[in-house]
Amino acid sequence: MGIEPAGNIDLHIHTTASDGTFTPSEIIQMALARGLGAIAITDHDTLAGSRAALAMQPPDHLNILSGVEISTAAPEGFPMAGSLHILGYGVDLDDEPLEQALVDLQHGRDERIPKIVTKLNRAGIPVSIADVMAMVVEGSAGRPHVAQALIRAGVARDVNDAFDRFLAKGQPGYVEKRRIDCRQAIALIRGAGGIAVLAHPYLAPGGQSAALADLLATLCDMGLQGIEAYYSRHSPQNVALYLEMARRFDLVVTGGSDFHGDLIPDILLGNGEGDLSIPYSVYEALLTRIAKQKAA
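To keep things clear, this report deals only with the structure shown in the data block. Just so we're clear, the structure is a prediction, and the values are computed from it rather than from any experiment.

Every buried residue of helix 6 (residues 159–167) is listed here: V159, D161, A162, F163, F166 and L167. Taking the backbone nitrogen of N160 as reference, a side-chain oxygen 3.3 Å away marks D158 as the first, capping residue of helix 6.

Attention now moves to the sheet that holds strand 2 (residues 38–41). In space, the three strands of this open sheet follow the order 1-2-3, with parallel pairing throughout. Among the strands making up the open sheet, the edge pair consists of strand 1 (9–13) and strand 3 (63–65). Strand after strand, the sheet turns through a mean of 15° between neighbouring axes, direction not considered. In terms of strand pairing, strand 1 meets strand 2 through three bridges, oriented parallel. The partner of I13 across the bridge, within strand 2, is I41.

This paragraph deals with the pattern of salt bridges. Under the counting rule described, the total for this entry stands at nine salt bridges. Residue E176 is joined to R179 by a salt bridge in which the shortest nitrogen-to-oxygen separation is 2.4 Å. Given the relative accessible area of 43%, E176 is considered partly exposed. Here the residues in one salt-bridge network are R157, D161 and R165, joined through shared partners.

Definitions and cut-offs
- The residue count restarts for each chain, going from 1 along the sequence in the order it is written.
- In keeping with the model being predicted, local features are shown solely for residues with a pLDDT of at least 70 and side-chain atom pairs are shown and tallied solely at 80 or more, while totals for entire chains, interfaces and linings include all residues.
- Excluded from the side-chain calculation are hydrogens and water; included are all heavy atoms of the structure.
- For every residue, the accessible area (1.4 Å probe, protein chains only) is compared with the maximum for its type, and the residue is labelled buried under 20%, exposed over 50%, or partly exposed between those bounds.
- Helix numbering and strand numbering both begin at the N terminus, where a helix is a DSSP run of H or I of at least 4 residues and a strand a DSSP run of E of at least 2.
- In protein, a polar contact means a hydrogen-donor-capable atom and an acceptor-capable atom, both N or O and within 3.5 Å, with residues adjacent in sequence counting only if both atoms are side-chain atoms; elsewhere, any N or O pair within 3.5 Å suffices.
- One bridge is not enough; two strands pair if DSSP finds at least two bridges between them.
- In this analysis an axis means a line fitted to C-alpha atoms, helices contributing only their contacting stretch, and an angle means the value between N-to-C directions, from 0 to 180 degrees.
- By definition here, a salt bridge exists when the distance from a side-chain nitrogen of Lys or Arg to a carboxyl oxygen of Asp or Glu is within 4 Å.

Right under this line is the structure:
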């Protein structure tokens, strides 16, 4: 008989397969050391991290759920500066339509980095493609890797400084990102047997007020099934709002730290900024909704 899982959970984790600094194997060891009962690897626009973690067959007292975080364009009428992120949980890792869409997004990432470097160079900032690629352990390069290269070059103090002065929208190194329509992302996740969840809603249009209801109504019409209520940057007031929205729209509640390792050192696996605590019952409720989705 296996050990009954227990402890808190973390369902929003990035690895070296996207822009995290720890491998899936290292994440599993850290989760075990922290006594977590369940985790999900949710790398940006790739299932590679989830695939690697699930292949490792961890102990019975640590459950691993397949996951991905997809960069999407917000629905028409809900303008925002960056991407609207949709998390997918419990997806079939061998689903061909989902995998092809993710491959296309990865190609977009590959094409974006040289354009960013070119713009930075034109602004007199000394960073090269080689400098950026030296920051990549595996997978595709992203803006966080450019930020790391800028730090190493002595141009930026830290990741926040690199984004604020060089990589954010309106700054000299900004290049628009390839995104897919949020309706398409939700359909792909559901088509792969998974649950589509709005990530870190405090960043979404109207995300810190009751106006979020308008966006959620639109996304629910597209098939959204969950909301990430528990998150490192969510205030108690935010959490209360999102739990109420979950009840109102019959959304399953999820939560995670958005752990990136050394890239964002103040966010800890399982604990966020130190006070994040997501009970195992959240994972169990998500599993129930996934089973319902697969049976539909």
